[in-house]
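# Fold and geometry: a report
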Number of protein chains: 2
Amino acid sequence: MSPLALDPAAQDLLFREARTANSFTDEPVTDEQIQAIHDLVKWAPTAFNQQPLRVVLVRSPEARERLAPLMADGNRAKTVSAPVIAILAADYEFHEELPAQFPAVPQVKDMFFSERPVREASATLNGTLQAAYFLIGVRAAGLAAGPMTGYDADGVQKEFLDADHRPIAIVNIGHPAEDAYRPRSPRMSFEDVYQTV
Amino acid sequence: MSPLALDPAAQDLLFREARTANSFTDEPVTDEQIQAIHDLVKWAPTAFNQQPLRVVLVRSPEARERLAPLMADGNRAKTVSAPVIAILAADYEFHEELPAQFPAVPQVKDMFFSERPVREASATLNGTLQAAYFLIGVRAAGLAAGPMTGYDADGVQKEFLDADHRPIAIVNIGHPAEDAYRPRSPRMSFEDVYQTV
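No experiment lies behind these values; they were computed from the predicted model shown. (Residues numbered from 1 in each chain as written. Chains lettered and ligands numbered in written order. Predicted model: local features only at pLDDT ≥ 70, side-chain atom pairs only at ≥ 80, totals over all residues. Heavy atoms only, no water.)

## Quick look at the interface of chain B and chain A
Size of an interface: often given as the accessible area lost when the parts come together. Each partner contributes to the interface: chain B provides 75 residues, whereas chain A provides 75 residues. Of the roughly 6,600 Å² buried between chain B and chain A on both sides combined, carbon and sulfur atoms contribute 69%. Counting every contact that joins chain B to chain A gives zero salt bridges. Where chain B touches chain A, the interface holds 34 residue pairs in polar contact (both at pLDDT 80 or more). Of all the elements in the fold, those that place two or more residues in the side of chain B that touches chain A are helix H1 (8–16), helix H2 (31–41), strand E1 (53–58), helix H3 (61–67), helix H5 (98–101), helix H7 (116–140), helix H9 (190–193) and strand E5 (194–196) of chain B. Sort the elements by how many residues they give to the side of chain B that touches chain A and H7 of chain B lands first, with eleven residues. Residues of the side of chain B that touches chain A, tallied by class, amount to 45 nonpolar, 16 polar and 14 charged. The pairing of strand E1 (residues 53–58) of chain A with E5 of chain B spans three bridges and is classified as parallel. The residue of E5 of chain B that forms the bridge with Val56 of chain A is Gln195 of chain B. (Contact = heavy atoms within 4.5 Å. Buried area = accessible area lost by both parts, 1.4 Å probe. Salt bridge = Lys/Arg side-chain N within 4 Å of Asp/Glu carboxyl O. Polar contact = N/O pair within 3.5 Å; in protein donor to acceptor, adjacent residues only side chain to side chain. Helix = DSSP H or I, 4+ residues; strand = E, 2+ residues; numbered from the N terminus. Nonpolar A, V, L, I, M, F, W, Y, C, P; charged D, E, K, R; others polar. Pairing = 2+ DSSP bridges.)

Here it is in structure tokens:
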């Protein structure tokens, strides 16, 4: 008997058969799909229930033209080909929302997050957790994700965000084209990652 | 029709009904369960297929005694009560494994990761993505996770890790006790998180 409670089809959809896509068909990704992803993965955990992740969905030809030159050379063509591109960013002023998000202890905002460097570290950690939940959510919607860290972060921040929002990753989203997948690379063994004390 | 491909029972298991647990029963968590979690979530994506996450499973009474004083006051009791506690850490020397992990472009190791500050940032980002995948994996195993960021990070590093391994989060894992869950706190709306350009 498998030690997992998650059924095998869901395991395949989210992890075993899901792959990073490098090219996409013309089939659109709707706002309804993105909203369903949000409404699912918003429940995943963060520290003090903080929710620093902000997302800019790049759809228009004009916005694509602004983004393309900011991508690393190896990422530009696939980014242009994606039906929608999500710029995932951390909000360094997330603490303003904390009293509403963590009503059990509203003073957390001032106890822990009155200083900007602390907020930046916390927004980066928790925003990155939320970025990973988002990637799982894209797969839960039956879509392919192509997450990328190769881009001009300062340029993306200046062009699409502001001084309080820092890019975490950029994600191409769509339906995979026939040549979307590269050969799968090896993963580390349980024994090489885990130790018990 | 739901815009999600993931079946509703899996949505509930991983996101909607899963909750952060604050107390646990005595029922053990086996190594087989942890290994099954690893063998599922190891397939989730990272940049250049890097795999900086390392995990110390705290099980023995002696190791628990070393960990307890390093936890924040509000986290100590629940940490002691968990059948197993996972210290999730980022390996700042992960690049040594990269040629094997990213065989398509083995020179990535030297092209991008020859400098330690770059490795630290990359290990933190990608290790945090892997930490989120691990939390989803714990839930996929039908277990409850209690992730925590409130601990003495320098102390945990000194006591359980080394100069090349930095804690990301500490996660209590087990079966939830009757009083495990606090009331669920609100989440941000789609409109407040997303914008389209």
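Having seen it, we continue.
## What about helix H4 (residues 73–81) of chain B?
All names here are of chain B. Those residues of H4 that fall on the buried side of the exposure criterion are Asn75, Lys78 and Thr79. Down the axis of H4, the sector holding all buried residues measures 105°, keeping them to one side. Exposed and oriented more than 90 degrees from the buried face of H4 are Asp73 and Ala77. (Buried < 20%, exposed > 50% of the residue type's maximum accessible area, 1.4 Å probe, protein only. Arc of directions from axis to C-beta.)

## Things to note about the nonpolar core
Residues Ile173 of chain A together with Ile37 and Ile173 of chain B are the most contacted members of the largest nonpolar core, which totals 93 residues. For Ile173 of chain B, the residues in contact, after removing those within four places along its chain, are Phe24, Val29, Ile34, Ala82, Pro83, Val84, Ala86, Phe134, Val138, Leu143 and Ala144 of chain B. (Core = buried A, V, L, I, M, F, W, Y, C linked by side-chain atoms within 4.5 Å.)

## With respect to the side chain of Thr128 of chain A
Tracing the sequence through the fold places Thr128 of chain A in helix H7 (residues 116–140). Side-chain polar atoms of Thr128 of chain A contact the backbone oxygen of Thr124 of chain A, separated by 2.5 Å. In this structure, Thr128 of chain A is in contact with Ala123 and Ile168 of chain A together with Leu125, Thr128 and Leu129 of chain B, ignoring residues within four places of it in sequence.

## A short note on the pattern of salt bridges
Within this structure, the stated rule accounts for 26 salt bridges over all chains. Across the pair Glu120 of chain A and Arg116 of chain A runs a salt bridge whose closest N-O atoms are separated by 3.0 Å. Here Arg116 of chain A and Glu120 of chain A lie together in helix H7, a separation of four residues that amounts to about one turn. Owing to a relative accessible area of 28%, Glu120 of chain A belongs among the partly exposed residues under this scheme. A relative accessible area of 25% places Arg116 of chain A in the partly exposed class. Glu159 of chain B is the salt-bridge partner of Arg66 of chain B, the closest N and O atoms lying 3.3 Å from each other.

## What to know about the UniProt feature "domain: Nitroreductase" (unreviewed entry) in chain A
Under the local residue numbering, the UniProt record ascribes the feature "domain: Nitroreductase" (unreviewed entry) to residues 18–175 of chain A. The annotated region residues 18–175 of chain A carries 44% helix and 18% strand content, and the separation between its end C-alpha atoms amounts to 12 Å. (UniProt positions renumbered as here; feature names shortened; annotations may be inferred.)

## Considering the side chain of Arg119 of chain A
Residue and element names in this part refer to chain A. Note on placement: Arg119 falls in helix H7. A relative accessible area of 7% means that Arg119 is categorised as buried. Dropping the residues within four chain positions of it, Arg119 is found in contact with Tyr92, Glu93, Phe94, His95, Phe113 and Ser114.

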